[in-house]
Amino acid sequence: EGRRIQAYLGLVFGEAIVGANLLRDLFAQVRGIVRGRSFGGLGDGLAEAACRLGAGAVVSVDLDYGVLGSGNSVLMVTASGTAVKLAP
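What counts as what
- Along every chain, residues carry numbers that run from 1 in the direction the sequence is written.
- Local features in this predicted model are restricted to residues whose pLDDT is 70 or higher, and side-chain atom pairs enter the listing and the counts only when it is 80 or higher, whereas totals over whole chains, interfaces and linings include all residues.
- The basis for every side-chain value is the complete set of heavy atoms in the structure, and neither hydrogens nor water enter the calculation.
- In DSSP terms, a helix is any run of H or I states spanning at least four residues, a strand is any run of E spanning at least two, and both are numbered starting from the N terminus.
- Summary of the burial criterion: residues with accessible area below 20% of their type's maximum are buried, those above 50% are exposed, and those between are partly exposed, where the area comes from a 1.4 Å probe applied to protein chains only.
- Two residues form a contact once any of their heavy atoms are found within 4.5 Å.
- Put simply, buried Ala, Val, Leu, Ile, Met, Phe, Trp, Tyr and Cys residues joined by side-chain atoms within 4.5 Å make one nonpolar core.
- Between any two strands, at least two bridges found by DSSP are needed for them to pair.
- Scored between 0 and 100, pLDDT is the confidence that the predictor attaches to each residue.

Concerning the overall build of the protein chain
Here is step 1: Regarding its fold elements, the protein chain presents two helices and three strands.
Here is step 2: Its helices and strands taken in sequence order, the protein chain reads β-α-α-β-β from the N to the C terminus.
Here is step 3: Out of the 88 residues belonging to the protein chain, those deemed buried represent 27%.
Here is step 4: Excluding contacts between residues fewer than 6 apart, the proportion of contacts in the protein chain whose partners are at least 24 apart in sequence is 69%.

Notes on the nonpolar core
Here is step 1: In terms of nonpolar packing, the biggest core is built from seven residues, these being Val-12, Leu-46, Ala-49, Ala-50, Ala-55, Ala-79 and Ala-83.
Here is step 2: Mapped by element, the contributors of at least two residues to this core are helix H2 (42-52) and strand S3 (74-86).
Here is step 3: A per-element tally of this core places H2 first, with three residues.
Here is step 4: Beyond its immediate chain neighbours, meaning those up to four positions away, Leu-46 contacts Val-12, Phe-13, Gly-14, Val-58, Ala-79, Ser-80 and Gly-81.

Digging into the pairing of strand S2 (residues 57-68)
Here is step 1: The pairing of S2 with S3 spans ten bridges and is classified as antiparallel. In the sheet register, Leu-63 faces S3, and the bridge partner there is Ala-79.
Here is step 2: The loop that links S2 with its antiparallel partner S3 comprises five residues; one of these, Gly-69, has a positive phi angle of about 85°.

Here we look at the confidence of the model for the protein chain
Here is step 1: Residues at a pLDDT of 70 or more form 70% of the protein chain, whose mean pLDDT is 79.
Here is step 2: The element-level mean pLDDT for the protein chain is lowest in helix H1 (residues 23-34), coming to 58, with S2 highest at 91.
Here is step 3: For residues 36-40, every residue scores under 50 in pLDDT, and the model assigns this stretch nine contacts once sequence neighbours within four places are set aside.

Comments concerning the side chain of Ser-80
Here is step 1: By secondary structure assignment, the location of Ser-80 is in strand S3.
Here is step 2: Ser-80 sits in the buried class, given a relative accessible area of 18%.
Here is step 3: For Ser-80, the contacting residues outside a window of four places in its chain are Val-12, Phe-13, Leu-46, Ser-60, Val-61 and Asp-62.

Some points on the side chain of Thr-82
Here is step 1: Take Thr-82: it is sitting in strand S3.
Here is step 2: Not counting residues within four places of it along the chain, the set of residues in contact with Thr-82 comprises Tyr-8, Gly-10, Leu-11, Ala-57, Val-58 and Val-59.

Looking at the environment of Thr-78
Here is step 1: Mapped onto the elements of the fold, Thr-78 is located in strand S3.
Here is step 2: For the pair Thr-78 and Asp-64, spaced 14 residues apart in the sequence, the C-alpha separation amounts to 5.3 Å.

Quick look at the structure:
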């Protein structure tokens, strides 16, 4: 927050697929991404993709989810955003 964007580098994506009994852990990861932290699973794919582009941040993050499997027992969450290079 408060930093100027120098260049837009492209879209990046991350996803996680978890069993329904792990929902609490997944939403803890989502809260971490929103607060600027990245750790295991969902945030790692997004951060790694951004780093490969030379980005210093990801902005305009969108989260989407869907249920899969018999009895809707699996949750898939996808995060996408725009990788950006920040001005010094």
